[in-house]
Amino acid sequence: MDLKDSLSRFKQQQERCQSSLASLALNSKPKHRAQPINAPSVPPRPSQPIKFSNDTERLQHINSIRKSPVGAQMKLVIELLYKTRQAFTAEQINEATYVDIHGNKAVFDSLRNNPKVRYDGRRFSYKSKHDLKGKDQLLVLIRKFAEGLPVVEVKDAYPTVLEDLQALKASGEVWLLSNMDSQEDIVYPNDPKAKIKVDDDLKLLFREIGLPRDMVDVEKELQKNGIKPMTNTAKRRAAAQIDGVKPKPKAKKKQREITKRTKLTNAHLPELFENLNN
């Protein structure tokens, strides 16, 4: 009986040990789900670089604008006024360009005194030399300048002014010519009442008039007609001879015939230049 009792107690001890080991095994298992044996291993995520938020980038952009030179900030504002042709308060300009007009006295004073900016005490707007709203007003202005109006003075009057100039030229209401000295375009009015028919005799007389070849003779002819020359060739040549510098003789140029490609001064009298080769 003693042997049987000993074996029974031994079995009970083994069972208790097995139950203890099983509970320990359950407590030591990881909480995440186990991956299948053949599943590919997932590499650890690399550390992401630190990125500035959009708000931080915007603040940096605002700061760079407000620390830029006064001229750069004025350019941003004037471009806004020119493109939109609307009046803006200082707060609206700040929202659109980040230029703080109230916070920068130098920018405020420069804009207020700029000839291209109109300030009514509250709003800023673009100011062109001539306040025009369309093609009709443009034509009225051109007709006030019989001696020609430089295109540069009206090209910023409103957004489509250059297209309207070409349209007026195509319809024959204005002449659009280039100044040979300044290389600027000049617009002239073409009054329909001033259209005349030039006789062939007058055309022939115009073509037969010859101009002096020497500048001294040209200056003398101008003086005979009461026009003061802008140059004094005789005085300049005398000074050159005193200094021992001989003037270079000018090569005689072959007189060219007037053709259709010849640049003419009296372009506003087209009747004079018809049938040039006849």
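Keep in mind the model is a prediction, meaning the values are calculated, not measured.

This part covers the packing of aromatic side chains. This model, assessed by the stated rule, comprises four aromatic pairs. Plain terms: the ring middles of F108 and F124 are 6.2 Å apart, the flat faces sit at 90° to each other, and that makes the pair edge-to-face. Here F124 lies in strand β3 (residues 123-126) and F108 lies in helix α5 (residues 105-112), a separation of 16 residues in the sequence. For the pair shown, F108 and F124 are each scored as buried. An angle of 25° between the planes, with centres 4.4 Å apart, marks the rings of Y119 and F124 as stacked. When its relative accessible area of 27% is taken as the criterion, Y119 is described as partly exposed. With a relative accessible area of 1%, F124 lands in the buried category. Each residue in the set F108, Y119 and F124 is aromatic and connected to the rest through ring pairs, giving one cluster.

Moving on: the environment of Y98. Looking at where Y98 falls in the secondary structure, it is placed in the loop between α4 (90-97) and α5. In sequence terms Y98 and I65 are 33 residues apart; their C-alpha atoms lie 6.9 Å from each other. What Y98 contacts, discounting residues up to four positions off in sequence, is R58, H61, I62, I65, R66 and I93.

Turning to the nonpolar core, a few remarks are in order. Within the largest apolar cluster, 17 residues are counted, with the highest numbers of intra-cluster contacts made by L81, I93, I101, L111 and F124. Here I93 is in contact with V77, L80, F88, Y98, V99, I101 and F124, once residues within four sequence places are set aside. One finds L138, V151, A157 and V161 within the second-largest nonpolar core, a separate group that totals 16 residues.

Taken in spatial order, the three strands of this open sheet run β1-β3-β2, and their pairing is antiparallel. Sheet topology places β1 (88-89) and β2 (117-119) at the edges, where each strand pairs with a single neighbour. Relative to the sheet, helix α3 (residues 70-84) contacts β1, β2 and β3, its axis offset from that of β3 by approximately 70°.

Okay, the sheet that holds strand β5 (residues 174-178) next. Reading across the sheet, the three strands line up as β4-β6-β5 and stay open at both edges, with antiparallel pairing between neighbours. Edge positions in the open sheet fall to β4 (149-150) and β5, since each of these has one partner strand only. In the packing of helix α6 (residues 135-142) onto the sheet, contacts are made with β4, β5 and β6 (185-189), and the angle to β6 comes to roughly 85°.

In the contact formed by α6 and helix α7 (residues 161-170), the axes pass within 10 Å of each other and the chain directions differ by 65°. Comparing their axes, α7 and α6 come out roughly perpendicular. Read as a crossing pair, α6 and α7 show a hand that is right-handed. Of α7, the residues touching α6 (which contributes K135, L138, L139 and I142) are V161, D164, L165, A167 and L168. Split by residue class, the contact of α6 with α7 holds seven nonpolar, no polar and two charged.

Averaged over all residues, the pLDDT of the protein chain is 78; the fraction at 70 or higher stands at 69%. No element of the protein chain has a lower mean pLDDT than helix α1 (residues 2-28), at 67, and none a higher one than β1, at 94.

Each value, and the rule that gives it
Residue numbers run consecutively from 1 along every chain, following the written order of its sequence. With pLDDT at 70 or above as the cut-off, local features in this predicted model cover only qualifying residues; side-chain atom pairs require 80 or more to be listed or tallied, and sums for whole chains, interfaces and linings still use all residues. To get the side-chain values, take all heavy atoms of the structure and skip hydrogens and water. To pair, rings of Phe, Tyr and Trp, with the six-membered ring standing in for Trp, must have centres within 6.5 Å; the planes then decide the type, stacked if under 30 degrees apart, edge-to-face if over 60, and tilted in the middle. Numbering of helices and strands runs from the N terminus; a helix is a DSSP stretch of H or I covering at least four residues, while a strand is a stretch of E covering at least two. Per-residue accessibility, obtained with a 1.4 Å probe over protein chains only, is compared with the maximum for each type, and a residue is labelled buried under 20%, exposed over 50%, and partly exposed between these values. Any two residues whose heavy atoms approach within 4.5 Å are treated as being in contact. Put simply, a nonpolar core is a bunch of buried Ala, Val, Leu, Ile, Met, Phe, Trp, Tyr and Cys residues held in one set by side-chain atoms that sit within 4.5 Å of each other. The criterion for strand pairing is that DSSP finds at least two bridges linking the strands in question. Axes here mean lines fitted to C-alpha atoms, for a helix over just the part in contact, with angles spanning 0 to 180 degrees between N-to-C directions. The scheme is simple: roughly parallel for angles under 35 degrees, roughly antiparallel for over 145, roughly perpendicular for 65 to 115, oblique for anything else. By definition, any crossing whose near helix is turned counterclockwise from its far helix by less than a right angle is left-handed, and any crossing with a clockwise turn is right-handed. Each residue gets one label: Ala, Val, Leu, Ile, Met, Phe, Trp, Tyr, Cys and Pro are nonpolar, Asp, Glu, Lys and Arg are charged, and the others, such as Gly, are polar. pLDDT expresses, on a scale from 0 to 100, how confident the predictor is about each individual residue.

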